[in-house]
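Survey of secondary and tertiary structure
Next come the chains, spelled out residue by residue.
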Amino acid sequence: MSVDEAISAAVSIAFHGLAFAMVLYLISVGLSVTMGLMGFVNLAHGVFAMLGGYIVTSLMSRAGVPFVPALTAAAVATAIGSVVVERLLYRRLYGGDELDQVLMTMGLIFMSVAAVTYFWGPNPQPIRPPSWLSGEVDLGVRSFPAFRSFLILCGAALVTALWLGLERARVGIRIRAAVDNLRMAQSVGINTPGLFTLTFALGSGLAGLGGGLGADLLAISPSYALDNLVYFLIVVAVGGLGSIRGPFLAAMLLGITDTGFKYLLPELGAFFIYALTMVLLLWRPRGLFGRA
Amino acid sequence: MATEGLVRTGLKAGDGAIDAFARRHRFHPLEALPWVTALVAYILLPSYLPLGAQILATVLFALSADLVLGYAGIVTLGHTAFFGTGAYTAGILAANGWGEPISGLLAGAVMAALVGFASGLVVLRTTGLTLLMQTLVVATLLHEAANRASSMTGGDDGLQGMQVWPIFGLFRFDLFGHTAYVYCLIVLFLCWLAVRRLVHSSFGRSLTGIRENVLRMHAIGAPVRRRRLVIYTISAGFAGTAGALIAQTTQFVGLGFLGLERSGTVLIMLIIGGVGRLYGAFIGVPLYMIAQDRFSEIEPVYWYFWIGLLMVAVVVFARGGVLGLIERLRA
């Protein structure tokens, strides 16, 4: 491999890895916060991402809705849907047995697999990029696929907004306070149950958005929540539970190494990623940004 | 014979406690019920023997999961890793010219226990979601390995061409499943005896202690980490046995043996019966598998909807499963 080829390969790995990382982060950050805030093992988090994906693809292909409004609709709809589920089911198990949480959310995954198959059939839903996002963007040095570039830009904007919001906005400060010390936050008068619902809705909405944006990276099919569960859990656990920035670093690591290995050593598939995760957690059992 | 006298007086002093332990060990007449049922089913339902053999092997798998989940309190999503390892070990042996069933079964158990030990060393260092994730990663890692090493495992198509020899050179695995059923029943019975002994031993009691209050067990000096690793390894061995049993009796191993669905369904089977109760597996597995056999003819995908709904309902309304309900009714 010549130097030019090596550079070109590295650039495409970085580009596609970054796009994958953005999707993983958008989907998983909500999971990390709900884990940190409520200690709730929500395996069904991927269901919200999957629903977002289905809403975007079917609004676009069946109703002819443009891409951006469809994305917005997906985020809003999953956020609202998640509030209903949170009020009806999740709330009962806060602070409860871990096994119960695992079972209930696993049950929700099973139900989602069947329900989605009933409505959309077993085949993956393709996403057709709108005309202004098909084709390539020429950056002078080389050109990149427009759809993925849009994904990266969108992701970066959302991540910045999220971090600024959590850093500066009143609600963000309350969320961080509750993650750091729940009892203290309650004692100073923060309405934690309301905060839980809000955070849950925000996290699920972001997941729905991530599922829609990343529909060509993580194919939208009935077993979405089951197939990708391990990715979401890796991002959260390697990042450190309850952390906001940790999962970002973890998503970067996972997205870029996964893309790299699949590009350079396709015959090994995702094998290395799993082995790497085990080694990383052997070194830091609480994740990169986990608190002791 | 002074020592004997001493021992006797020692026994006298702690009479109450030792009696309680002895009572625990003693067989209750009701404990014969699953075995009587299994024998009656063998005589009365000859056309269901293949399903029966599957149920018996799955009971063993659920029993092994219960050791980890119900007794040691380790919530795992990756128990299929050991089930699949046992199945693939027995399967690959039988497909490559060594079809002797008993040694294949033992090889499956040993390989699974080794995987359990090695992964337990890493996984059991953490708790909660991280532990859960790592158990899942171990299973996914093996799933990916089996998928990639298709020259050995058959990959996506599954392992084919298994030749399992007659047991002891005498009992051929027949089409009607007579041999398979009896084979599974005997293996399950032996394993059950071992598990029963294990959970009633002081080791088993200390596991319950770890589940109920880790800090206190640390405080009284129990080697918590070592005990958890030991039970994880033992449980992996039983799970491997169960996998090898299914592989040998169905003469097939596929990637589904390592899939997340199976980890999820074994949890639900245990929950239906009751976790940490030794007999939960004997109730939950037959209920689940017979219902699945009845309903999945309609449409296997929608079966998952109802089972998911059941999981949610059991958690919200009926904690402790069937045995928990019975306990509550009797209380």
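Please read these numbers as outputs of a predicted model, since none were measured by experiment.

1. Description of the overall build of chain B
Helix and strand counts for chain B stand at 16 helices and 0 strands. In terms of C-alpha radius of gyration, chain B reaches 21 Å, essentially the compact-globule figure of 20 Å for 331 residues. Each principal axis of the C-alpha distribution contributes one length, and for chain B these read about 65 × 45 × 45 Å. Every one of the 331 residues in chain B was classed for burial, and the buried ones make up 48%. Restricting to contacts in chain B with at least 6 residues of sequence separation, those with at least 24 account for 77%.

2. Observations concerning the interface of chain B and chain A
Tallying the contact residues gives 33 residues for chain B and 40 residues for chain A. Contributions of two or more residues to the side of chain B that touches chain A are made by α7 (128-148), α13 (260-273) and α15 (300-317) of chain B. The element best represented in the side of chain B that touches chain A is α7(B), accounting for 13 residues. Each residue belonging to the side of chain B that touches chain A can be placed in one class, and the counts come to 23 nonpolar, 7 polar and 3 charged.

3. Overview of the domain arrangement of chain A
Where interface size is given, it is often the accessible area lost as the parts come together that is meant. Residues and elements named next belong to chain A. Assigned domains within chain A: domain 1 (1-24 + 228-292) and domain 2 (39-125 + 169-222). Taking only C-alpha atoms, the centre of domain 1 and the centre of domain 2 are 23 Å apart. With 7 residues of domain 1 at the interface, the matching set in domain 2 holds 9 residues. Those elements that provide at least two residues to the side of domain 1 that touches domain 2 are α1 (3-38) and α10 (229-239).

4. Things to note about the environment of V102(A)
Tracing the backbone shows V102(A) in helix α4 (residues 98-120). Expressed as a C-alpha distance, the spacing of V102(A) and N42(A), which sit 60 residues apart in the sequence, is 7.1 Å. Once residues within four sequence positions are removed from consideration, V102(A) is found in contact with V41(A), L43(A), V75(B) and L132(B).

5. Some details on helix α9 (residues 178-200) of chain B
Residues and elements named next belong to chain B. For α9, spanning 23 residues, the distance from its first C-alpha to its last is 33 Å, which sits close to the expected 33 Å at 1.5 Å a residue. Of all the residues in α9, the buried ones are T179, A180, Y181, Y183, C184, L185, V187, L188, C191, W192, V195 and V199. For α9, the secondary structure elements touched by its buried residues are α3 (33-44), α4 (49-71), α6 (101-123), α10 (202-212) and α12 (224-250).

Conventions we followed
- Residues numbered from 1 in each chain as written.
- Chains lettered and ligands numbered in written order.
- Predicted model: local features only at pLDDT ≥ 70, side-chain atom pairs only at ≥ 80, totals over all residues.
- Helix = DSSP H or I, 4+ residues; strand = E, 2+ residues; numbered from the N terminus.
- Rg over C-alpha atoms; globule rule 2.2 N^0.38 Å.
- Buried ≥ 20, exposed ≤ 12 C-beta atoms within 10 Å, placed from the backbone.
- Contact = placed C-beta atoms within 7 Å.
- Nonpolar A, V, L, I, M, F, W, Y, C, P; charged D, E, K, R; others polar.
- Domains from an automatic or database assignment.
- Expected span 1.5 Å × (residues − 1).

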